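# Coordinates in review
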Amino acid sequence: MTYDKSIGECQATSTCPAGSDLSGGDCFATSTCPAGTSFNSADGYCVGNASCPSGFTYDTSNGECEEAPTCPAGTDLSGSVCAAPPICPSGYKFDKSTGECENGSKSTSPTCPAGTSMDYITFQCESDPQCPKGSSFFSGNGQCLEASNPSEPICPTGTTYDEPASGCLGTPHCPKGSSLDSGICYAEASPASPTCPAGSSLNGAGNSCLADPKCPKDSSFDTGSRKCLATASATPATCPAGTDLKLSSGQCQGAPQCPPGSFSVSGGSLCGSTPSFYCPPAVPTSSFGLCLEIGQPDLATLTTGKSASAADIGGPTAVAFDQKGDLWVVDTSNNRVLEYLPPFSTGETATLVIGQTSMSGTGDSTPAGGLYGPTALTFDSSGDLWVVDQGNNRVLEFTPPFTNGQLASLVVGQPTFGGYIGQTTKGGMNIPAYLAFDSSGDLWVTDSGNNRVVEYTAPLAMGEAASLVIGQPGFAGSDPGAGAKGLFGPLGVAFDSGGNLWVVDGSNHRVLEYNSPFSTDEAASLVMGQASLTTKAGSASLDPYAITFDPAGNLWVSNFNRTVVQYTTPFLSGEATSQVLDQNGLGNGSTTTESELFDPQGVTFDGGGNLWVADNGHGRVVEYGDAVPSATTSSSSSTTTTSSSGGVPVFPYQIATAIIFTLLLTLSYLLVRHGLTPKSSPTQRPSRRAT
């Protein structure tokens, strides 16, 4: 028997047979490891003892060949860093356990050479950084501190420290050989990464080649993590047609052709079994009509700008489904995101809220939990929720399991959760609008105020800088443009099944396609809504907001002129819309107010091919689908209180009230943008765009 500290009990010690070792209470065979490998009891599989090139040593803990640096005279290797050893007086010897120079019963503090200071983690003398004039290095926190105010960091020339923002603000002048990024001067980029010969790959820093270790049977070397991954644990049963297994993530990557009964989710990288819900025939004369609505008690109620509650939506701007089939809605005017559980019904109440601590809250200002004018949302392949927090010029990640008022785990577009100022930099955003993930897990954001689309490469990190920009020649540009390379107020964004990028170029009244692989300042390959890439007709042709693709690959565009339109694949530049969806269903787009949507924005399809629209101007989310139930669905899947009437009357006084209300809230937002109203007083969603 042995004592197990983790549970405070005596446990019987397993007796393992010859040729096996005990690991975690289980016996693992060691004699079956092939030549050149050894059994790793921590992981329970064979690890290759790779032959490393001269100057490298093999680290069995991570299965990599590590380069052993050559330290200059007067320094010693500590981990992977060369550091100067501390200097003890004559007759004393340095003791790492105490960090003191010991001599019998006597001890004294060691002395580091000039220009270095003691690092009490490694117990080595580390070189001090070169601090700007008027400041000195403080070894206590490893920062350059100003002599007159040691609590604040040194800011670049032309900037000052802003305590609320916890950063340097202004327009700094960076020295030669460096450039400005997110308010900080950085050294210019290093030369391009080398091309490694066969059997080797780049190290983690991307600046030298390391020999790839030989992996044991049933495992293979992954150059991304530089580890031997066990094939059995990393490989799912099968990948859908058109995808390949990516060993570093263990997921199927690519644009799958999903089998019947499943639907492409998570940016087109996986096939999910999103449930299909029966669409009641609310409009009997239409084959594709209005099924139900959420955010209003019935089809006859069109009150917009409602206060926050579980049953009401003030101003929806985006809709999405998670991998379980739950519906998520961005309620912009109430600064929150809501979740609804199936089976869905008209007037259904939300079950969970993100961005506020309660269903009635609208003003949560917690840096990591509050939202200010959110506009869009999506889910990554891991099921994490990503939200565009437009008023704070950032994108937030929330990880499951989700709870009311939970805090975000990561921010992009700002250096910290406390930042909110819009910037035109690699790491900054200015009025972001919509977002999408590509099949590799990279995040794409339409940065509307900077008239560009930016890509952030996976794995995503806190305050990460963008890796690529479209719509501008570089990260410092923000001017509106047209033609094949310009963007003016970009909004919706999506990827088709071939991995091509589609962007709503809002103020140019068009939708653009960019072919993969992508590059900075790439020219669009195709345009919808205009006759060509060089023309610019008015909003009468197309006034787009958001986009999505149906299961057949057709493009659907929410149109600010009260409709949702469809373009049929294969696409051609300047092609006409094939179908027009208004409140009565598919038709030719009625011009009477009572038969139309009002400022439709976010659009998406569920697993059954039903279309969901954020009907912003009517304060609701509506579902459209086939009025004839298919053989694979059940009428008991959803209950509704929908009316058999397709037309919904809108009276003149309601229209006038809505217009006045929108103008007042837009003015309030502009005052906030110009610093005339406190940020802690959230208002209606930001203005749509310049026209």
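Each value, and the rule that gives it
Residues numbered from 1 in each chain as written. Predicted model: local features only at pLDDT ≥ 70, side-chain atom pairs only at ≥ 80, totals over all residues. Heavy atoms only, no water. Helix = DSSP H or I, 4+ residues; strand = E, 2+ residues; numbered from the N terminus. Buried < 20%, exposed > 50% of the residue type's maximum accessible area, 1.4 Å probe, protein only. Contact = heavy atoms within 4.5 Å. Areas by Shrake-Rupley, 256 points an atom, 1.4 Å probe, with all protein chains shown as cover. Pairing = 2+ DSSP bridges. Axes fitted to C-alpha atoms, helices over the stretch in contact; angles between N-to-C directions. Phe/Tyr/Trp six-rings, centres within 6.5 Å; stacked < 30°, edge-to-face > 60°. Salt bridge = Lys/Arg side-chain N within 4 Å of Asp/Glu carboxyl O.

### Observations regarding the overall build of the protein
Secondary structure summary: the protein contains two helices and 54 strands in total. For the protein, buried positions account for 46% of its 691 residues. A sequence separation of at least 24 residues applies to 44% of the contacts in the protein between residues at least 6 apart. When the accessible area of the protein is evaluated, it comes to approximately 31,500 Å², of which 54% is carbon and sulfur surface.

### Remarks on the pairing of strand β43 (residues 490-495)
Counted residue by residue, β43 has six buried out of six residues, so it is predominantly covered. Pairing of β43 with strand β44 (residues 501-505), which is carried by four bridges, proceeds in the antiparallel orientation. Each bridged residue has a counterpart across the sheet, and for F495 the counterpart in β44 is L501. Connecting β43 to the antiparallel partner β44 that follows it, the hairpin turn spans five residues, and G499 within it adopts a positive phi of roughly 85 degrees.

### As for the sheet that holds strand β33 (residues 336-340)
Taken together, the four strands give an open sheet; going across it, the order is β31-β32-β33-β34, and neighbouring strands pair in antiparallel fashion. What marks the edges here is a single partner per strand, and that holds for β31 (316-321) and β34 (352-354). On average, each strand axis in the sheet is inclined to that of its neighbour by 20 degrees, with strand direction left out of account. Relative to β34, β33 runs antiparallel, the two being bridged by three bridges. Paired with L338 across the bridge in β34 is V353.

### With respect to the packing of aromatic side chains
Scanning all chains against the criterion turns up 14 aromatic pairs. Aromatic side chains F495 and F518 sit 6.3 Å apart centroid to centroid with 65 degrees between the ring planes, which places their arrangement in the edge-to-face category. Placement of F495 in strand β43 and of F518 in the loop between β45 (510-514) and β46 (526-528) is noted, with a sequence separation of 23 residues between them. Ring pairs connect the aromatic residues F321, F344 and W612, which therefore count as one cluster.

### A few points about the environment of G355
In this structure, G355 sits in the loop between β34 and β35 (374-379). Between the alpha carbons of G355 and L407 there is a distance of 8.2 Å; along the sequence they are 52 residues apart. Sequence-distant contacts of G355, defined by excluding residues within four places in its chain, comprise N335, D364, G369, G370 and L371.

### Section: the pattern of salt bridges
Inspection of every chain in the model, using the stated rule, returns nine salt bridges. Residues K324 and D326 are paired through a salt bridge, measuring 3.5 Å at the closest nitrogen-oxygen approach. R394 is paired through a salt bridge with D389; the nearest N and O atoms lie 2.8 Å apart. Each member of the pair R394 and D389 is classed as buried. Here the salt bridges do not stand alone but share partners, grouping E293, D615 and R620 into one network.

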